[in-house]
Amino acid sequence: MKPSYPQHIAVIMDGNGRWAKKQGKKRTQGHKEGAKIVRDITQWCAEKGIPYLTLYAFSTENWKRPKIEVDFLMKLLEKYLHDEKPVYMKNHIRFRVIGDISVFNTRLKNAILELEHATQNHTKLTQILALNYGSRDEIARTFIKLAHTLTPHTLASLTSQDIISMINANLDTATLPDVDMLIRTGGEKRISNFMLWQASYAELFFTPTLFPSFGKNELNAMLEEFLQRQRRFGGIE
Ligand code: FPP
């Protein structure tokens, strides 16, 4: 079969703080520059016909950062959703969120829900922001949902394949395809609690480029490499 571009790219956007430090700027300036790349990378993926792009914008562990940085990220996110709405509308980008947004302030929650609603019929590319997202938290929330629906009797009749399907159907990513390409910028080679279930067979790409310096040429080179990789999903051919 002819190799094809990934259906679902996921990106760990790391290196904003280091980018800012190198420029003699505050860490928050790095996040501001990162937000511009969020817009660009969405456009580049849409141009390539990639249907799904998930971006790790705030993890369940990021609350450990200084309050001033967390507050900045929340405000930046709200501003981004407001400023970018015309771009989603013009380019027919669908916006979705994964993660537990129940803890966010009402204004931010409303901005998220409003943009998800306004773009729900868009078909060009679905951009998914992972917000207050962690794989373990997502799996734990899924477990709680399922535990409420299962009796010992029904559980006894289920195969592990049935359970896998039920987990898939109850994760935040329920209607999304598995991740087939996972990119991490910023030089670290780890997954950091991101899409652990969904990226089981993803091709991994690690680059030292700091996220605010990530560009179209590098993405295109990774996509070309993706086409060269042999994907066997545990089989032999
Ligand atoms: C990691 O870099 C980045 C984050 C924790 C936040 C990601 C946020 C953005 C890219 C911008 C905001 C996004 C939107 C959608 C408005 P780091 O701060 O850990 O960098 P470092 O490893 O160099 O310190």
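Residues numbered from 1 in each chain as written. Predicted model: local features only at pLDDT ≥ 70, side-chain atom pairs only at ≥ 80, totals over all residues. Heavy atoms only, no water.

### Topic: the packing of helix α2 (residues 27–47) against helix α3 (residues 67–91)
The angle between the axes and the distance between the axes are what describe a pair of packed helices.
Part 1: One can describe the packing of α2 onto α3 by two numbers: an axis separation of 11 Å at closest approach and a directional angle of 25 degrees. On the basis of their axis angle, the class for α2 and α3 is roughly parallel. As for how α2 packs across α3, the hand of that crossing is right-handed. Note on element contacts: α3 touches α2 through E69, F72, L73, L76, Y80, E84 and N91, opposite R27, T28, H31, K32, A35, V38, R39 and Q43.
Part 2: Across the contact of α2 with α3, the residue classes break down as six nonpolar, four polar and five charged. (Axes fitted to C-alpha atoms, helices over the stretch in contact; angles between N-to-C directions. Helix = DSSP H or I, 4+ residues; strand = E, 2+ residues; numbered from the N terminus. Parallel < 35°, antiparallel > 145°, perpendicular 65-115°, else oblique. Left-handed = near helix turned anticlockwise from the far one by under 90°. Contact = heavy atoms within 4.5 Å. Nonpolar A, V, L, I, M, F, W, Y, C, P; charged D, E, K, R; others polar.)

### Points about the nonpolar core
Part 1: With 42 residues, the main nonpolar core has I9, V11, I41, I112 and L131 as its most contacted residues.
Part 2: Ranked by residue count, the leading element in this core is α3, at eight residues.
Part 3: The contact partners of L131, leaving out residues within four places of it in the chain, are A57, F58, L77, V97, I98, G99, D100, I101, F104 and I112.
Part 4: If you look at the next biggest cluster of nonpolar residues, it comprises 14 residues, including I12, I98, I128 and V179. (Core = buried A, V, L, I, M, F, W, Y, C linked by side-chain atoms within 4.5 Å. Buried < 20%, exposed > 50% of the residue type's maximum accessible area, 1.4 Å probe, protein only.)

### Here we look at the site of the ligand
Part 1: Near the ligand there are 17 residues, and of these D14, G17, R18, R27 and R65 occur at the shortest range.
Part 2: R18 is positioned with one of its backbone polar atoms (N or O) 2.7 Å from an oxygen atom of the ligand.
Part 3: Here an oxygen atom of the ligand sits 2.8 Å away from a polar atom, N or O, in the side chain of R65.
Part 4: In the complex, 92% of the free accessible area of the ligand, which totals 620 Å², lies under the protein chains. (Near = heavy atom within 4 Å. Polar contact = N/O pair within 3.5 Å; in protein donor to acceptor, adjacent residues only side chain to side chain. Areas by Shrake-Rupley, 256 points an atom, 1.4 Å probe, with all protein chains shown as cover.)

### A few points about the sheet that holds strand β6 (residues 203–206)
Adjacent strands of a sheet pair through backbone hydrogen bonds, lying either parallel or antiparallel.
Part 1: Overall, parallel pairing links the six strands, which are arranged β3-β4-β2-β1-β5-β6 in an open sheet. What marks the edges here is a single partner per strand, and that holds for β3 (93–98) and β6. Along the sheet, successive strands turn relative to each other by an average axial angle of 20 degrees, direction set aside.
Part 2: With six bridges joining them, β3 and strand β4 (residues 125–133) adopt parallel strand pairing. Residue pairing across strands places I98 opposite A130, the latter belonging to β4.
Part 3: Packing of helix α4 (residues 106–118) onto the sheet brings it into contact with β3 and β4, and relative to β3 it is tilted by some 140 degrees. (Pairing = 2+ DSSP bridges.)

### Notes on the pattern of salt bridges
Part 1: Within the structure shown, the criterion is met by 16 salt bridges.
Part 2: Residue R18 pairs with D14 through a salt bridge whose shortest N-O separation is 3.4 Å.
Part 3: Between K79 and D83 there is a salt bridge; the shortest N-O distance is 2.6 Å. Of this pair, K79 and D83 both sit in helix α3, separated by four residues, roughly a single helical turn.
Part 4: The exposure class of D83 is partly exposed, given its relative accessible area of 38%.
Part 5: Members of the salt-bridge network, linked through shared partners, are D14, R18 and R184. (Salt bridge = Lys/Arg side-chain N within 4 Å of Asp/Glu carboxyl O.)

### A few points about α2
Part 1: The end-to-end C-alpha separation of α2 is 31 Å, in line with the 30 Å expected for 21 residues at 1.5 Å each.
Part 2: Residues of α2 that are buried include every one of T28, G30, H31, G34, A35, I37, V38, I41, T42, W44, C45 and A46, and no others. (Expected span 1.5 Å × (residues − 1).)

### Considering the packing of aromatic side chains
Part 1: For the structure shown, the criterion picks out seven aromatic pairs.
Part 2: Taking 4.2 Å as the distance between ring centres and 10 degrees as the angle between the ring planes, the aromatic pair formed by Y56 and F194 counts as stacked. Within this pair, whereas Y56 is found in strand β2 (residues 52–59), its partner F194 is found in the loop between β5 (181–184) and β6, the two being separated by 138 residues in sequence. For the pair formed by Y56 and F194, the shared burial category is buried. (Phe/Tyr/Trp six-rings, centres within 6.5 Å; stacked < 30°, edge-to-face > 60°.)

### Some details on α3
Part 1: Helix length check: α3 (25 residues) gives 35 Å between terminal C-alpha atoms against 36 Å at 1.5 Å per residue, within 8%.
Part 2: Maximal helix bending in α3 amounts to about 45 degrees, located at E84; proline P86 follows within four positions.
Part 3: If you check which residues of α3 are buried, you get E69, V70, L73, M74, L76, L77, E78, Y80, L81, E84 and Y88.
Part 4: The inward-facing, buried residues of α3 abut α2, β2, β3, α4 and β4.
Part 5: Note on α3: the residue one or two positions beyond its end, H92, has a positive phi of about 55 degrees. (Bend = angle between axes of the 7 residues up to and from the residue.)

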